[in-house]
Each structure stands twice: as C-alpha cells, then as structure tokens.
Amino acid sequence: MSSPVYPQHIIARKRDGGVLTPAEIEAFVRGATDGSWADYQLTALLMAIFLRGMTPEETTGLTTAMMRSGTVADLSFLPQPKADKHSTGGVGDKISLHLAPMVAACGVAVPMISGRGLGHTGGTLDKLEAIPGFRVNLSLDEYRAQLAGCGLALIGQTAELAPADKKLYALRDVTATVESIPLICASILAKKLAEGIDVLVLDVKFGRGAFMPDRARARELALALVAVATALGKPTRAVLTAMEQPLGRAVGHALEVAESIDCLRGRGPADTMAVTYALGEQMLVLAGVAATPAEAHRQLAASLTQGTALEKFRQMVRGQGGDVRVVDEPGRLPAARLQVPLPAPRAGMVQGVDARGVALAALRLGAGRTRVSDPIDPAVGVSHLLKVGEPVAAGGALCVIHANDEAALAEARALLAAAIVVGEAPGALPPLVAEIIG
Ligand code: URA
C-alpha cells in the first residue's frame, strides 16, 4: 500500500528543488478543488513552484490534473473541426470579437471561453457585455446549444471547467506568484483544453503593454505552452506579437466592439487586421480546412467581403441574448457623456504610443478594474488614436477621450499626453507579427 501524501511533504520536496511525482501533483490539485488543502499550504507550494520551477513533465502533469479538476466538454457532436485562440492579453486587443466569427464562417467551430480584464489589460467578456443584453454566463448545456446553432460561442469560465484554476489563480493574484511559466502554462491550457477543442492558436504578446514585456521571456512562455499542449495531443501554434502601441485606434469596451464591427465590414485598422489574419491563418491550417496560410488568408478575406463573418457575429449576438441592432447601428452601444479631443502639443509625427500609458488612462476613466469584483464603465475609453508614424498638425487630435466624469477626464488627459509622443520621426517598432512557433 502506498503511504499517504501529506501537503507538507510535497511542499518540502519542491522547496528543496525536487521533482514532484504525478500522484503528488494530483494531490495538490485535488486539495485546491475540494478544499482539503488549506490556503497557506496551497500558496506555500505555489511559491515553491514559482522559485524552483517545474520540469516539462511536471508542467504537463499539472496541466492535466487542473484540466480534469472539472468537466472536460465533449463537443464530438459537432461535425466541424473545433479551434480556439487565446491571447496573453494586450491593450485594445479586440481580436477575438471578429476573428471568432471569421473562422466560424470558414467552417471551423469556435468554442471560446474568455476572461475578464484585470489590471491594465482588457478582457473579451467585458467588451461583449457592452452589447446590451449579451449573456456571457451560459451553462454548459446552453454553450453546447449555441455551438450547435451557429458554430460559435463566446462565454465566461463556468464553475464546471477547471475549478482548480479558479482557486489557484485567485491565490496567485494576491501572493506574487503569477509570473511563473509552469503556473501560467497550466492555468491557460487547463481552461482551453477543457473546452473540448481539437486545435489551439496562442497569441503571446511582448512589449510595453504586454503582461510579459520582455520578448525573450514571452518566447520562452510560447515555447512552453506549445510543448505542453502538443504533449497532451492538441496541435498548437503560438504567434509572438508586439504590444508596444495599442492594437487599432480604440481602447474601451463599447468603442472596441464598434471597431470590431468595422473589422467585420472590411474597414479594420491595418495592425489589427494583420494580427487577425496571422492568427486566423494558423487556426484554419491547424484545423485542416486550408492547406497553406495563403489559402487560409483567402478564405478569411472572403468571409469579410461576402458578409458571412458579419452574419456569424449577428447569429452569435442573437443566440446569446444581445441586442442585434448594434451590428447595423453601433450608436446603440453605451456612449460616454464627455467626448473630448486631445490636442497635439506641436506639429510632427507620432513617435511613440505607450500601450501601458493608454491602458492606465482607460483604467482611470473606469474601463478597467483592479479587483475581479470591481464594476466597469463600458462607455469610456479612447478612440481615433493616432498610430506611430502618422503625421499630426499642432493642435490636431491625437485621440478622442470618452469620459463620464470630469476629474477622471483630467487625469486621463495627463496620462495620454505623456503616453503619446510627437516628434520629428517615428520611433523604432519591432515587427508586429514577430514569429510563429510550433
Ligand atoms: N492568464 C491565465 O489564464 N492564467 C495565468 O496564469 C496568466 C494569464
């Protein structure tokens, strides 16, 4: 008979730099899920993992145990291949909103479970909820029905999917143990693999507005994510993309929904569409509906010109209870009381737009939260943002600030004036789509 596994022994093994056995990892995850480990024991092991790291086999074991801590959705009733994409989070990153319907319009089901924004990055669920009536909290049965209906569902994490992650992420958030590659890998992949997908594409961001600013470290995360997901039998690729300036010209929930609808109408900003195509191409190729990225590109472009992606978006909004009239009348989205241009201090060219500075301004306006339970204002943010390299006249608008309160407007104005730098020439930017891994 094997001896019982005590939390303190498992913690001590990792504290001393040892390798945990699958049984020890399972005991830890079970302890997080059923409450049999105290929070102090869970956080002691999280900190030991943070400091000592994990082997690829341990990370794979942790991912599997976390994925199996709840239901693994069975979507085998869907005839189409099933693909998802996950972004490590950026500023103005509204890509899921239009990419998912584009991919669904090309014959690939997209069962997407997204998160809320925390800190300076925005969350897809918050953006969707800017659409009046839109429900992100579907039960697993409703999720399956929505997928059967239109091949597309964008929902929040349910209590049934990867509950261990919910517990462990909340503890990591308040114990300085978020920035650990094995813990991030297991957290992201446990949720994604529990969705019932066949293939996965990851948008791993680096740069000033990214959760992991250093490119080499973001690359390390991308490699680890691809290795673990592949070891678990899910064909996966990661696209390493730059997040120095915000994506597109809008930051803020309703403003980003409107910009995403523009993308679906073929009028999306060039940078947003470049990342959209890079991710969509990999999704279609991995899912087997296109032989090459170039062929996938043609299919995705056709979904825009033929209006099939916009129709998928309409079906998704209707199916999830949203006011479908916003698709043709974006003026029905929540709008801020004050809409004020930010004048350029001099004539010249936009030298840099600090994504993090813009995000902090949006946060101050009320678009973000510092705690998961904080309310957000869907109407506020920034629109008409100039991009690096664009010319501006003295006093011309660098962006338009959308605010519902004068004090927040004044602070956001100062943050934006510092974030958007006008000079003689554009600053150097890394390639937007830097590398494809996997
Ligand atoms: N996103 C997640 O879902 N988990 C992490 O650990 C980090 C980012």
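These notes cover the structure that comes with them.

Rules behind the numbers
- Residues numbered from 1 in each chain as written.
- Predicted model: local features only at pLDDT ≥ 70, side-chain atom pairs only at ≥ 80, totals over all residues.
- Heavy atoms only, no water.
- Helix = DSSP H or I, 4+ residues; strand = E, 2+ residues; numbered from the N terminus.
- Contact = heavy atoms within 4.5 Å.
- Lys, Arg positive; Asp, Glu negative; His and termini not counted.
- Charge placed at Lys NZ, Arg CZ, Asp CG, Glu CD.
- Axes fitted to C-alpha atoms, helices over the stretch in contact; angles between N-to-C directions.
- Left-handed = near helix turned anticlockwise from the far one by under 90°.
- Nonpolar A, V, L, I, M, F, W, Y, C, P; charged D, E, K, R; others polar.
- Phe/Tyr/Trp six-rings, centres within 6.5 Å; stacked < 30°, edge-to-face > 60°.
- Lys NZ or Arg CZ within 6 Å of the ring centre and 35° of its normal.
- 1 Å grid on protein atoms, 1.4 Å probe; cavity = no way out; pocket = protein on both sides within 12 Å on 5 of 7 lines; lining within 4 Å.
- Points joined across faces, edges and corners; volume = space filled by probe spheres on them.
- Near = heavy atom within 4 Å.
- Polar contact = N/O pair within 3.5 Å; in protein donor to acceptor, adjacent residues only side chain to side chain.
- Areas by Shrake-Rupley, 256 points an atom, 1.4 Å probe, with all protein chains shown as cover.

## Some words on the overall build of the chain
- Within the chain, the regular secondary structure consists of 16 helices and 12 strands.
- With respect to the three principal axes, the spread of C-alpha positions in the chain is 80 × 45 × 40 Å.
- Expressed as a percentage of contacts within the chain between residues at least 6 apart in sequence, the contacts between residues at least 24 apart total 78%.
- For the chain, the centre of its 42 positive side-chain charges and the centre of its 43 negative side-chain charges are spaced 1 Å apart.

## What about the environment of P345?
- As for its placement among the helices and strands, P345 is situated in the loop between β6 (338-343) and β7 (348-353).
- Sequence separation between P345 and V285 is 60 residues; the distance between their C-alpha atoms is 47 Å.
- The residues touching P345, leaving out its near neighbours within four places in the chain, are L398 and V422.

## A look at the packing of helix α8 (residues 163-173) against helix α9 (residues 181-193)
- Two elements in contact, α8 and α9, have axes whose closest approach is 11 Å; the angle formed by their N-to-C orientations is 145°. Relative to α9, α8 is oriented so that their crossing is left-handed. Counting all contacts with α8, which are made through D165, Y169 and R172, the residues of α9 involved are L183, I184, S187 and K191.
- For the contact of α8 with α9, the class distribution of residues is 3 nonpolar, 1 polar and 3 charged.

## Here's the deal with the packing of aromatic side chains
- A complete count under the given rule lists 1 aromatic pair for this structure.
- Ring geometry for F28 and W37: centres 5.6 Å apart, planes at 55°, overall tilted.
- The residue whose ring lies beneath K191 is Y169, and the NZ or CZ to ring-centre distance is 5.9 Å.

## Looking at empty space enclosed by the protein
- Enumeration according to the criterion identifies 2 cavities of 30 Å³ or more in this entry.
- Forming the walls of the second largest cavity are F28, L46, L62, M66, D165, L168, R172, L183 and S187.
- The set of elements that each furnish at least two residues to the lining of the second largest cavity consists of α4 (56-67), α8 and α9.
- Among the elements that take part in the lining of the second largest cavity, α8 stands out by supplying 3 residues, more than any other.

## Brief notes about the site of the ligand
- Neighbouring the ligand are Y169, R172, I184, S187, I188, K191 and F211.
- In the environment of the ligand, a nitrogen atom lies 2.6 Å from a nitrogen or oxygen atom belonging to the side chain of S187.
- Contacts to the ligand include K191, whose side-chain N or O atom sits 2.5 Å from an oxygen atom.
- Burial of the ligand by the surrounding chains reaches 87%, relative to a free accessible area of 230 Å².

## With respect to the layout of surface pockets
- In this structure, the second largest pocket spans a volume of roughly 370 Å³.
- In terms of lining residues, the second largest pocket is bounded by 20 residues, among which L255, A258, E259, S383 and H384 are the most central.
- With 5 residues, helix α11 (residues 253-264) is the largest single contributor of residues to the lining of the second largest pocket.
- Here the residues of the lining of the second largest pocket are counted per class, giving 11 nonpolar, 5 polar and 4 charged.

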